[in-house]
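# Structure assessment
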Amino acid sequence: MRVLAAVLPLLLAASTRPTDAFVPPAARGGGNVISRHPASPGVPFATAAQQTSSSSSTTSVASSSSSSSLSDSVSELKRVLEREYVSFFDPMRREYYAPDVSFVDPMTTLSGVDQYQNNVDMLASRTLLGKFLFEDAGIVLHSIEGGELNDDDDDGTVVSDIVTRWTLRLTAKVLPWSPTARFSGVSEYKVAPAPPSSPVGVRIVGQTDYWDSINIVPESGGRFGPVDASRAVGDFLGQLAPGGFEAAAAAPELPYSLLRRGDGYEVRKYPAYSGVKLPYNRRDEGFGSLGAFTKGMNPLAPALMEVESSDTSDKYMTWPLSFAPPGADSSSSALPPAPSDAVEKAGEGQWRTVRVVRVAETVVAVREFNDASMEPVVRKADRELRECLRRDGLVPVGEQVKFAQYDAIFSMGKRRGEVWIDLEEGGHPW
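Residues numbered from 1 in each chain as written. Predicted model: local features only at pLDDT ≥ 70, side-chain atom pairs only at ≥ 80, totals over all residues. Heavy atoms only, no water.

### Concerning the overall build of the chain
Each helix and strand in the chain was counted, giving 9 helices and 18 strands. Of all 430 residues assigned to the chain, the portion counted as buried reaches 51%. A fraction of 69% describes how many contacts in the chain between residues 6 or more apart in sequence connect residues 24 or more apart. When the accessible surface of the chain is split by element, carbon and sulfur atoms take 52% of a total near 19200 Å². (Helix = DSSP H or I, 4+ residues; strand = E, 2+ residues; numbered from the N terminus. Buried < 20%, exposed > 50% of the residue type's maximum accessible area, 1.4 Å probe, protein only. Contact = heavy atoms within 4.5 Å. Areas by Shrake-Rupley, 256 points an atom, 1.4 Å probe, with all protein chains shown as cover.)

### Here's the deal with the side chain of S187
Residue position: S187 is located in strand 8 (residues 180-193). Judged by relative accessible area, which is 0%, S187 ranks as buried. A distance of 2.9 Å separates the side chain of S187 from the side chain of W166, its partner in a polar contact. Of note is the side chain of S187, whose polar atom sits 3.4 Å from the side chain of Q207. (Polar contact = N/O pair within 3.5 Å; in protein donor to acceptor, adjacent residues only side chain to side chain.)

### Regarding the sheet that holds strand 2 (residues 97-104)
Adjacent strands of a sheet form backbone hydrogen bonds with each other and so pair up, either parallel or antiparallel. Spatially, the 6 strands line up as an open sheet ordered 3-2-9-8-7-4, and their pairing is mixed. A strand with exactly one partner marks an edge of an open sheet, and here the two such strands are strand 3 (109-111) and strand 4 (134-146). The sheet shows a mean angle of 20° between the axes of neighbouring strands, taken without regard to direction. Here strand 7 (residues 162-172) runs beside strand 8; their pairing, made up of 10 bridges, is antiparallel. Paired with R165 across the strands is V186, a residue of strand 8. Sheet strands in contact with helix 6 (residues 229-240) are strand 7, strand 8 and strand 9 (202-211), and its direction is about 145° off that of strand 8. (Pairing = 2+ DSSP bridges. Axes fitted to C-alpha atoms, helices over the stretch in contact; angles between N-to-C directions.)

### Observations regarding a nonpolar patch on the surface
Residues L129, F132 and V174 make up a contiguous nonpolar surface patch of roughly 250 Å² in combined accessible area. Judged by its relative accessible area of 32%, L129 falls in the partly exposed class. (Patch = residues over 30% accessible without salt bridge, like charges linked within 9 Å, V, L, I, M, F, W, Y side chains within 5 Å. Salt bridge = Lys/Arg side-chain N within 4 Å of Asp/Glu carboxyl O.)

### Points about unusual backbone geometry
Note the cis peptide between D90 and P91, where omega equals 10°. Inspection of the secondary structure puts P91 in the loop between helix 3 (67-86) and strand 2. Here the phi dihedral of F88 falls at roughly 50°; this positive angle occurs in a residue that is not glycine. Among the secondary structure elements, F88 is positioned in the loop between helix 3 and strand 2. A relative accessible area of 8% means that F88 is categorised as buried. Phi at S178 takes a positive value of approximately 50°, unusual for a residue other than glycine.

### Quick look at the pattern of salt bridges
When the charged atoms of two side chains with opposite charge come close together, those side chains can pair. Following the criterion strictly, the structure yields 27 salt bridges and no others. Note that E76 is salt-bridged to R83, the shortest N-O span being 3.3 Å. With relative accessibility at 25%, the residue E76 sits in the partly exposed group. A salt bridge links K380 to E384, with the shortest nitrogen-to-oxygen separation between them at 2.6 Å. Taken together, the positions of K380 and E384, both in helix 9 (residues 375-391) and 4 residues apart, correspond to about one turn of that helix. For K380, a relative accessible area of 44% corresponds to the partly exposed category.

Purely geometric numbers; function is a separate question.
Structural data, given as structure tokens:
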């Protein structure tokens, strides 16, 4: 999570560190996920943590420590981490970090609590270098797991690693076009009992970060492993490149929470929304009909098209109109209402084929394409996305082809199109 530790020196000095492949708790077994609205940054998903499968992912505890006291200390540390993510480590609770704490991510190696905090402060623009390089940095914590106490015949009671899932963003304001880089991944915290003189019971002695975009081992069911630092540098620099002339967006975008920026795809959580839907034969006609129907209703992008697996199946177009507010209940009874004029017009007269739909909160995988949304282009992107999901151990829902268009149908410039695939509940770690 604390990527890019002193960015300019790092690009010159990054090195590779061999470490064992890491299996995050959610990849070792299922957990009951309590989902929260994507616009509630820093609030963790509640999941059932599983035991770590690696012998290196536990820390021995002195036999004199009582299990109940130790368990309370670990729980408090997890609450401290939750608060630090929410505040972007302002303040950072230094007493919960060992003086010689180590930090390793795909590009960076740090040692000592002072370097550790300076790195965080730089990313948050709280240092002179950070104020020059970055702005608008933020972290969303998706889950925090682990820290269980386990009995070991040789070592006594051991503490399993604490594992967080997160998404980090930061804008490189030093560049004229101010690109925003985004990273998602997991952090593995090694925890040890604090010395008797410490005001806390346990503290972090090491942290290892893995990025979803480069560290997922192919065909492993979601395990993380080491990569050469050059891949990490390339991944970061690739996000800073200028994007060129882009087509104008057709409307404000339906908000979402980025859960994963993976290799060739993203995973997003969209809030529940209401919209209007109609069958169509030609997309330009569908755009024209829904444009006329929603005049004055302030529809949102993207326009979503659904096509069944057969070339002769019906096709449908949906335009979102309203969405659930932050913190709303994700149950079907809490779906946002559609505008009253949409309800009154749908299904009547010339709008007899238009209907109002309400869509529940959804986790979807997305792959972008920039060519015109012709059938061969869309189906190719859909196949590629399904292969990415299979490679990384994510489970799609059905075979339906769904694609999104963000710009006006005859707009100029680099287009933004995407294929969307819903993910099975329990078929992903969020």
